[in-house]
Amino acid sequence: MASNWIEAIDARSAGALASGALQPVQAEQTEMEDGGMRFIVRWVSSLAVKDAAKTAQVAIPGGPRDPNFNPFLNPDPELTVGPLGDEHVVILNKFPLSERHLVLARREFEEQLLPLAHSDFAALAEIMAEAGGIGLYNGGTAAGASQRHKHVQWIPSTAGNASLRIFAPGLPAGLPEQGVAQHPALPMKHCFVRVCCGEGVPVETAADSLNAAYRLACETLDLQPGSDGLLSPYNLLASDGWLLVLPRSAEHFEGISMSAVCFGGTLYTRQPEQIESIRRVGPLKALAAVGY
């Protein structure tokens, strides 16, 4: 695959939009202040369409939770950007949370709750080296994953998208790479690790840094595989020189599914009235309700 990913993503997106294979983002949003941080809460009407598609058993990336349905082994050609390394394929998310929302899926089936491998971080690092952005991982159903087939996600650093920059003022600025930190405003179990990743960072350098940080965060949080080799549910975010891991206790807060993207300061609801559920308690308490 050519190294100019953004050009390839945009070309595939244009064709998929024209054919109807890709559903445009439709959202209304509001902003909320909590803990000295600005959160965005979006009602995304296309998520309601996605729910209807699940009922109809439509094959979509990130689609229905059906153990006999796997959209990643034979992805829709109209949504497939191309192979990424030897082990991954880049797919457009049919119901994106932003433009250029990508799924980086393993070509062969692996359980989503198996520990992430160096190659998973290398795939993410290749996209980030060209375009920055944020890597997202939903480990298990309770963490917002809709598919068992292992995949990471990526969205660009567009204004209003999820980002770990929201937490920067509460994190130690001079922490060296692989240094561990906690954010004083986050009332749930979590671990930040300083990493070297992002636009212009060599892929191998970033992959090594992310992989080491991930294993350090799991050790710090006592997030270790069980006898079946699987981890407990968790979310992972990586951007702006940080990796964040948060163990999960539940998927929903008052019917609102919380995935990794929500911990980057941008929360998504399927119904406009759910925005008021978040406003009533504040974004931080809503997020804490699904953690530990």
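Scroll up for the structure.
Residues numbered from 1 in each chain as written. Predicted model: local features only at pLDDT ≥ 70, side-chain atom pairs only at ≥ 80, totals over all residues. Heavy atoms only, no water.

Q: Can you lay out empty space enclosed by the protein for me, pointing to particular residues and giving the numbers?
A: Taken as a whole and judged by the stated rule, the model has one cavity of 30 Å³ or more. The volume enclosed by the largest cavity comes to roughly 30 Å³. In terms of lining residues, the largest cavity is bounded by Leu116, Asp120, Phe121, Leu124, Gly135, Leu136, Val152 and Leu236. For the lining of the largest cavity, the leading source of residues is helix H3 (residues 118-131), giving three residues. (1 Å grid on protein atoms, 1.4 Å probe; cavity = no way out; pocket = protein on both sides within 12 Å on 5 of 7 lines; lining within 4 Å. Points joined across faces, edges and corners; volume = space filled by probe spheres on them. Helix = DSSP H or I, 4+ residues; strand = E, 2+ residues; numbered from the N terminus.)

Q: Which residues make up the sheet that holds strand S9 (residues 191-194), and what are the values?
A: Strand order in this open sheet of nine strands is S3-S4-S5-S7-S6-S10-S11-S9-S8, and the pairing throughout is antiparallel. Of all the strands in the sheet, the pair left with one neighbour each is strand S3 (80-84) and strand S8 (180-181). Two strands pair when backbone bridges link them, and S3 and strand S4 (residues 88-92) are joined in this way by four bridges, in the antiparallel orientation. When the sheet's bridge partners are listed, Pro83 is paired in S4 with Val89. (Pairing = 2+ DSSP bridges.)

Q: I'd like to hear about unusual backbone geometry, residue by residue, with values.
A: Phi angles above zero are rare outside glycine, and Arg100 is one such case at about 65°. By secondary structure assignment, the location of Arg100 is in the loop between S4 and strand S5 (102-106). Positioned with a positive phi, Asp240 is a non-glycine residue whose angle comes to about 50°. Tracing the sequence through the fold places Asp240 in the loop between strand S10 (234-239) and strand S11 (242-247).

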